[in-house]
Amino acid sequence: MISYLRSAEGVSARTALLDEYRKASPPPGFERLLRAAIERTRATFKIMLQDHVPLVFGSDTPGVDGFGNPPGLNGRLELQNWADAGAPLSLILRAATLDNATALGLSHELGSIEVGKRADLLLLKDNR
């Protein structure tokens, strides 16, 4: 992805997208409505946490070619929003792994690190 973003094609896509953003002007009051929607969503999520509503992680945002939405970015931002709203990291990890596999009926083959299960792991030496 980094190579693409640095390539001539990636720079062109980024420039075109930024030009579109610069041309667009939100309607009057949009920022206020957006803040209200975000706060309402966060308040609802906090209630769900208090009530121990089962959570699974998912995204309906496609990973598209270009600068505006690198694959995985929206998911990363969503999980950060969960943490910012008070979700414990253990709940976030489980919601993004085993709970998803269980909800999809796949916990027998993925979702946790166990002998015989499939997994994609990234082990890091430092947390930087």
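All of these numbers come straight from a predicted model, not from anything done at the bench. (Residues numbered from 1 in each chain as written. Predicted model: local features only at pLDDT ≥ 70, side-chain atom pairs only at ≥ 80, totals over all residues. Heavy atoms only, no water.)

## So, the packing of helix α4 (residues 73-84) against helix α5 (residues 89-96)
- In contact at an axis separation of 9 Å, α4 and α5 are set at 145 degrees when each is read in the N-to-C sense. The handedness of the crossing between α4 and α5 comes out as right-handed. Along its contact with α4, which presents Leu 79, Trp 82 and Ala 83, the element α5 presents Leu 89, Leu 91, Ile 92 and Ala 95.
- Here the residues of the contact of α4 with α5 sort into seven nonpolar, no polar and no charged. (Axes fitted to C-alpha atoms, helices over the stretch in contact; angles between N-to-C directions. Helix = DSSP H or I, 4+ residues; strand = E, 2+ residues; numbered from the N terminus. Left-handed = near helix turned anticlockwise from the far one by under 90°. Contact = heavy atoms within 4.5 Å. Nonpolar A, V, L, I, M, F, W, Y, C, P; charged D, E, K, R; others polar.)

## Focus: α4
- Over its twelve residues, α4 extends 16 Å from the first C-alpha to the last, a length consistent with the 16 Å expected when each residue adds 1.5 Å.
- Following α4 by one or two positions, Gly 86 has its phi on the positive side, about 110 degrees. (Expected span 1.5 Å × (residues − 1).)

## Regarding the layout of surface pockets
- Taken as a whole, the largest pocket spans an internal volume of roughly 560 Å³.
- Lining of the largest pocket is provided by 19 residues; of these, Leu 93, Ala 96, Thr 97, Gly 111 and Asp 120 occupy positions nearest its centre.
- Listing elements by their share of the lining of the largest pocket, those giving two or more residues are α5 and α6 (98-103).
- The dominant element in the lining of the largest pocket, judged by the number of residues it contributes, is α5, at three residues.
- By residue class, the composition of the lining of the largest pocket is twelve nonpolar, four polar and three charged. (1 Å grid on protein atoms, 1.4 Å probe; cavity = no way out; pocket = protein on both sides within 12 Å on 5 of 7 lines; lining within 4 Å. Points joined across faces, edges and corners; volume = space filled by probe spheres on them.)

## Some words on unusual backbone geometry
- In this structure, His 52 is a non-glycine residue whose phi angle is positive, near 55 degrees.
- Relative to the helices and strands, His 52 is located in the loop between α3 (30-50) and α4.
- What makes His 52 exposed here is its relative accessible area of 69%. (Buried < 20%, exposed > 50% of the residue type's maximum accessible area, 1.4 Å probe, protein only.)

## Examining the nonpolar core
- Counting nine residues, the largest nonpolar core is built from Phe 45, Leu 49, Leu 55, Phe 57, Trp 82, Ala 85, Ala 87, Ile 92 and Ala 95.
- For this core, the secondary structure elements donating two or more residues are α3 and α5.
- For Phe 45, the contacting residues outside a window of four places in its chain are Leu 55, Trp 82, Ala 85 and Ala 87. (Core = buried A, V, L, I, M, F, W, Y, C linked by side-chain atoms within 4.5 Å.)

## Things to note about the packing of aromatic side chains
- Following the criterion strictly, the structure yields two aromatic pairs and no others.
- Look at Phe 57 and Trp 82: their rings are 6.2 Å apart centre to centre, the planes differ by 80 degrees, and that puts the pair in the edge-to-face class. In this pair, Phe 57 is assigned in the loop between α3 and α4 and Trp 82 in helix α4, connecting sequence segments 25 residues apart.
- In textbook terms, an aromatic cluster arises when at least three aromatic residues are bridged by ring pairs, as seen for Phe 45, Phe 57 and Trp 82. (Phe/Tyr/Trp six-rings, centres within 6.5 Å; stacked < 30°, edge-to-face > 60°.)

## Remarks on the side chain of Lys 117
- Following the sequence through the fold, Lys 117 ends up in the segment after α6.
- Residue classification places Lys 117 among the buried residues on the basis of a relative accessible area of 18%.
- A distance of 2.7 Å separates a polar atom in the side chain of Lys 117 from the backbone oxygen of Ser 107.
- At 2.6 Å, the side chain of Lys 117 forms a polar contact with the side chain of Ser 112.
- Dropping the residues within four chain positions of it, Lys 117 is found in contact with Ser 107, His 108, Glu 109, Leu 110 and Ser 112. (Polar contact = N/O pair within 3.5 Å; in protein donor to acceptor, adjacent residues only side chain to side chain.)

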